[in-house]
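# Fold and contact review
Here is how the chains run, residue by residue.
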Amino acid sequence: MTQRPSLREKAILTEVRRRGVVSIQALAERLEVSLMTIHRDLNKLVSEGSVEKARGEVRLPKRPIDAEEGCLMCGKPVPVRTAFVIRRDNGEQHRACCAHCGLMALMMAKEPGQAMATDFLFGHIVSATQAHYVIGSTVNVCCVPSVLSFSSRDDARRFTRGYGGRALGYAETLEHLKSLIHASMPHHGEGRGVD
Ligand SMILES: [Zn+2]
Ligand SMILES: [Zn+2]
């Protein structure tokens, strides 16, 4: 069970995020509590993976590699809500910030492997080829034109009634993105002559 962080824990996190490294002594003074209290808060934050404690100092943790790695296409951090994961046949795993970048990456890959999208409404993981997509809606949470993933076609269609855009299946979405790429790269030599 995760408890909500106390105000003091939030204050500690804010300090650490702002400064990068803070001495535990300074934290105790700043928050006007004993060292023991600060250590107790810190131990909780450390156990949650929010900070690291070493030699009397607190710092932000070095993040695990997959969290540190941004979108394979644009390098942006990957939001949980729109994450798109590509597993290559050689076992490598890459993440894209959203279906826009994820599908672009699939399109450009010689061996796309398997891909998973995140249902925008419910957060389920759904196979990218089974997913339905809403392209060009007014909900621009990541890349533009926005491409949002849905596990059900009905959800995707309903979404377009509220927020515009077009609800498309996997293959149609790829086609649509492909046409956008060609439109935005008129001098792209390699693409010439390809349908
Ligand atoms: Zn991206
Ligand atoms: Zn994106």
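Residues numbered from 1 in each chain as written. Chains lettered and ligands numbered in written order. Predicted model: local features only at pLDDT ≥ 70, side-chain atom pairs only at ≥ 80, totals over all residues. Heavy atoms only, no water.

### Considerations on the coordination of the zinc ion (ligand 2)
This is how the line gets drawn: Donors, by definition, are the N, O and S atoms found within 2.8 Å of a metal, the threshold being 3.2 Å for Na, K and Ca, and water is not counted, so a site can look incomplete. In short, tetrahedral needs four donors with all angles between 85 and 135 degrees, square planar needs four and octahedral six donors with opposite donors over 155 degrees apart and all other angles between 65 and 115, and whatever is left is irregular. The rule is simple: take the accessible area with a 1.4 Å probe, protein chains only, and divide by the maximum for that residue type; under 20% is buried, over 50% is exposed, in between is partly exposed.
Taken together, Cys97 (SG), Cys98 (SG), Cys142 (SG) and Cys143 (SG) make up the full set of protein donors to the zinc ion (ligand 2), lying 2.2 to 2.4 Å away. One way to put it: the four donor atoms around the zinc ion (ligand 2) meet at angles of 99 to 119°, and that makes the site tetrahedral. Within one chain, the residues donating to the zinc ion (ligand 2) are spaced in sequence as C-C-x43-C-C. Between the two metal centres, the zinc ion (ligand 2) and the zinc ion (ligand 1), the spacing is 3.8 Å, with Cys97 acting as a shared donor. Looking at Cys142, the relative accessible area reads 18%, which means it is buried.

### Some thoughts on the sheet that holds strand E6 (residues 114–118)
Applicable threshold: If DSSP finds at least two bridges between two strands, the strands pair. For helices the rule is a DSSP run of H or I covering at least 4 residues; for strands it is a run of E covering at least 2, with both sets numbered from the N terminus onward. Here an angle of 0 to 180 degrees is reported between the N-to-C directions of two axes, which are lines fitted to C-alpha atoms, with helices fitted over the stretch in contact.
One open sheet holds the four strands; their spatial order is E5-E4-E6-E7, and the pairing between them is antiparallel. Each edge of the open sheet carries a strand with a single partner, namely strand E5 (93–96) and strand E7 (125–127). When the angles between neighbouring strand axes are averaged without regard to direction, this sheet yields 25°. For strand E4 (residues 84–87) and E6, the ladder comprises four bridges, and the chain directions are antiparallel. Along E6, the bridge assignment pairs Ile86 with Ala115.

### A closer look at the coordination of the zinc ion (ligand 1)
Coordination of the zinc ion (ligand 1) by the protein is provided by Cys71 (SG), Cys74 (SG), Cys97 (SG) and Cys101 (SG), with metal-donor distances spanning 2.2 to 2.3 Å. For the zinc ion (ligand 1), the four donor atoms are set out with angles of 105 to 116° between them, so the coordination reads as tetrahedral. Each donor residue of the zinc ion (ligand 1) belongs to the same chain, and together they define the spacing C-x2-C-x22-C-x3-C. Classification of Cys74 by relative accessible area gives partly exposed; the value is 37%.

### Considerations on the confidence of the model for the protein chain
What counts, and what does not: Values of pLDDT, the confidence the predictor places in each residue, fall between 0 and 100. Contact definition: two residues touch when any of their heavy atoms are within 4.5 Å.
When the pLDDT values of the protein chain are averaged, the result is 87; 88% of them are 70 or greater. The least confident element of the protein chain is helix H4 (residues 65–68), whose mean pLDDT is 50; the most confident is strand E8 (residues 132–135), at 98. Confidence drops under pLDDT 50 across residues 188–194; counting only partners more than four residues distant or on other chains, this segment forms four contacts.

### Describing unusual backbone geometry
For the bond running from Val144 to Pro145, omega is -5°, close enough to zero to count as cis. Tracing the sequence through the fold places Pro145 in the loop between E8 and strand E9 (147–150). The phi dihedral of Glu32 falls on the positive side, at around 55°, and the residue is not glycine. Residue position: Glu32 is located in the loop between helix H2 (24–31) and helix H3 (35–47). Even without glycine at this site, Arg55 takes up a positive phi of about 45°. With respect to the secondary-structure elements, Arg55 resides in the loop between strand E2 (52–54) and strand E3 (57–59).

### Examining the side chain of Ser137
To keep things clear, this is the line we draw: Any pair of nitrogen or oxygen atoms within 3.5 Å is treated as a polar contact; in protein, a donor-acceptor pairing is required on top of that, and neighbouring residues in sequence qualify only through side-chain atoms on both sides.
Turning to its location among the elements, Ser137 is positioned in the loop between E8 and E9. The buried category is assigned to Ser137, whose relative accessible area is 5%. A polar side-chain atom of Ser137 sits 3.2 Å from the main-chain amide nitrogen of Val139. One polar contact links Ser137 to Ser146, side chain to side chain, over a distance of 3.5 Å. Ignoring anything within four residues of it in the chain, the contact list for Ser137 reads Ser146, Leu148, Phe159, Tyr163, Gly164 and Gly165.

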